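Secondary and tertiary structure notes
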Amino acid sequence: MESEASIPPKCEGCGAELVSHLFCFSCKTLQHFPPTADYFEALGFSCNYRLDQEKLKKCYCQLAEELHPDFYANSSKDLQHLSERGLALINRAFEFLLDPFSRAEYLLRKIHPDLEEKERIMPPDFLEEMFSLQEKLDQLVADHDRQGVEQMRMDLEQDRSELESGLLPAFEMLEEAENPQEVLERLRMSLNTNQYLKRLLERCVIEETE
């Protein structure tokens, strides 16, 4: 799932090939970009789920330094606005792409927006299981059972870890599948499941700190 752009973007000023669509490291100039700028392209990556987190952090830090509004305090209003928009964009992009689930969600929506109608599909009997876990958590909290809450938190984290481990293989299968619908629905189901697990985990944290 590489970027659809066949021609690498060029700097508006010097014409050099851009790494990030927001900034030219050759002539050190900001670039104009649309409000719908892609998160991957903003940070200099191809549109692919497989991503080196250390490289992502390095690219983010380099861009954040170059785009910081303090450097453009005496520049034109246009450049000031570009730096503010650019920094806000890479902050959002970094947050989304660093987390494996939000990266998968963003990429899935980008390459298959038609899956919106599948947003509520869940594994069989999953909702019943979630309701049971919610009731169990309520009882643990009512009983002030900190050990029980901690055990549930660990179990939920394990469930999320297992979901995460299946994301990359699923996206790789998606690249090769002749009929990707089954893989797409499986990905959508995993991301829906994660949302429920994440909500339960957030409740565990909240209850433990009270």
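One structure accompanies this document, and this report is about it. (Residues numbered from 1 in each chain as written. Predicted model: local features only at pLDDT ≥ 70, side-chain atom pairs only at ≥ 80, totals over all residues. Heavy atoms only, no water.)

On to the overall build of the chain. Within the chain, the secondary structure is distributed over eight helices and two strands. Listed by position from the N terminus, the elements making up the chain come as β-β-α-α-α-α-α-α-α-α. A globule of 210 residues ought to have a C-alpha radius of gyration of about 17 Å, yet the chain, at 21 Å, is considerably larger. A principal-axis box enclosing the C-alpha atoms of the chain has dimensions of 65 × 50 × 30 Å. Each of the 210 residues in the chain was classed as buried or not, and the buried ones make up 38%. In the chain, of all internal contacts separated by at least 6 residues, the share reaching a separation of at least 24 is 64%. (Helix = DSSP H or I, 4+ residues; strand = E, 2+ residues; numbered from the N terminus. Rg over C-alpha atoms; globule rule 2.2 N^0.38 Å. Buried < 20%, exposed > 50% of the residue type's maximum accessible area, 1.4 Å probe, protein only. Contact = heavy atoms within 4.5 Å.)

Before going further, it helps to spend a moment on the environment of leucine 30. Relative to the assigned elements, leucine 30 resides in strand 2 (residues 29-30). Accessibility expressed as a relative area gives 8% for leucine 30, which makes it buried. C-alpha separation for the pair leucine 30 and tyrosine 60, spaced 30 residues apart in sequence, amounts to 15 Å.

For the rest of this paragraph, the subject is helix 2 (residues 53-67). Here helix 2 contains 15 residues, and its C-alpha end-to-end distance of 21 Å stays within 8% of the 21 Å for a straight helix at 1.5 Å per residue. For helix 2, the complete set of buried residues consists of Leu56, Cys59, Tyr60, Leu63, Ala64 and Leu67. One side of helix 2 carries all its buried residues, which in axial view fall inside an arc of 130°. Every exposed residue of helix 2 that faces more than 90 degrees away from the buried side is listed here: Glu54, Lys58 and Glu65. Structurally, helix 2 contributes buried residues whose contacts are with strand 1 (23-24), strand 2, helix 1 (39-42) and helix 3 (77-98). Capping the start of helix 2, aspartate 52 holds a side-chain oxygen 3.0 Å from the backbone nitrogen of glutamate 54, two or three residues further along. (Expected span 1.5 Å × (residues − 1). Arc of directions from axis to C-beta. Polar contact = N/O pair within 3.5 Å; in protein donor to acceptor, adjacent residues only side chain to side chain.)

Okay, the environment of glutamate 66 next. Assignment of secondary structure puts glutamate 66 in helix 2. For the pair formed by glutamate 66 and methionine 152, sequence separation is 86 residues and the distance between their alpha carbons is 44 Å. Beyond its immediate stretch of four places on either side in the chain, glutamate 66 contacts Phe23, Phe25, Lys28, Phe71 and Tyr72.

Time to look at the nonpolar core. The biggest cluster of nonpolar side chains holds 54 residues, and the ones touching the most others in it are Phe40, Leu43, Ile90, Leu97 and Leu156. Of all elements in the fold, only helix 1, helix 2, helix 3, helix 4 (100-111), helix 5 (126-142), helix 6 (146-165), helix 7 (167-176) and helix 8 (181-209) reach the threshold of two or more residues within this core. The leading source of residues in this core is helix 8, at eight residues. With residues up to four places along the chain from it excluded, the contact list for leucine 43 reads Leu56, Cys59, Tyr60, Leu63, Ile90, Ala93, Phe94 and Leu97. (Core = buried A, V, L, I, M, F, W, Y, C linked by side-chain atoms within 4.5 Å.)

Moving on, we come to the pattern of salt bridges. Under the defined criterion, the tally for this structure stands at nine salt bridges. The shortest N-O distance in the salt bridge between glutamate 182 and arginine 186 comes to 3.6 Å. In this pair, glutamate 182 and arginine 186 are both assigned in helix 8, four residues apart and thus about one turn of the helix distant. Overall, glutamate 182 belongs to the exposed group, its relative accessible area being 59%. Connected through shared salt-bridge partners, Glu105, Arg109 and Arg188 make up one network. (Salt bridge = Lys/Arg side-chain N within 4 Å of Asp/Glu carboxyl O.)

A few words on the packing of helix 2 against helix 3. One way to put it is that helix 2 packs onto helix 3 with a least axis distance of 10 Å and a crossing angle of 165°. By the angle between their directions, the pair helix 2 and helix 3 is classed as roughly antiparallel. In this structure, helix 2 crosses over helix 3, and the sense of that crossing is left-handed. Residues Gln53, Leu56, Lys57, Tyr60, Leu63, Ala64 and Leu67 of helix 2 pack against Ser83, Gly86, Leu87, Ile90, Asn91, Phe94, Leu97 and Leu98 of helix 3. Looking at side-chain class alone, the contact of helix 2 with helix 3 contains 10 nonpolar, four polar and one charged residues. (Axes fitted to C-alpha atoms, helices over the stretch in contact; angles between N-to-C directions. Parallel < 35°, antiparallel > 145°, perpendicular 65-115°, else oblique. Left-handed = near helix turned anticlockwise from the far one by under 90°. Nonpolar A, V, L, I, M, F, W, Y, C, P; charged D, E, K, R; others polar.)

The next point concerns helix 7. Residue pairs three or four apart in sequence face the same way in an α-helix, which turns once every 3.6 residues. Buried within helix 7 are the following residues: Leu167, Ala170, Phe171 and Leu174. Along helix 7, the residues classed as buried sweep out an arc of 95° about the axis, all on the same side.

Read these as geometric descriptors, not functional statements.
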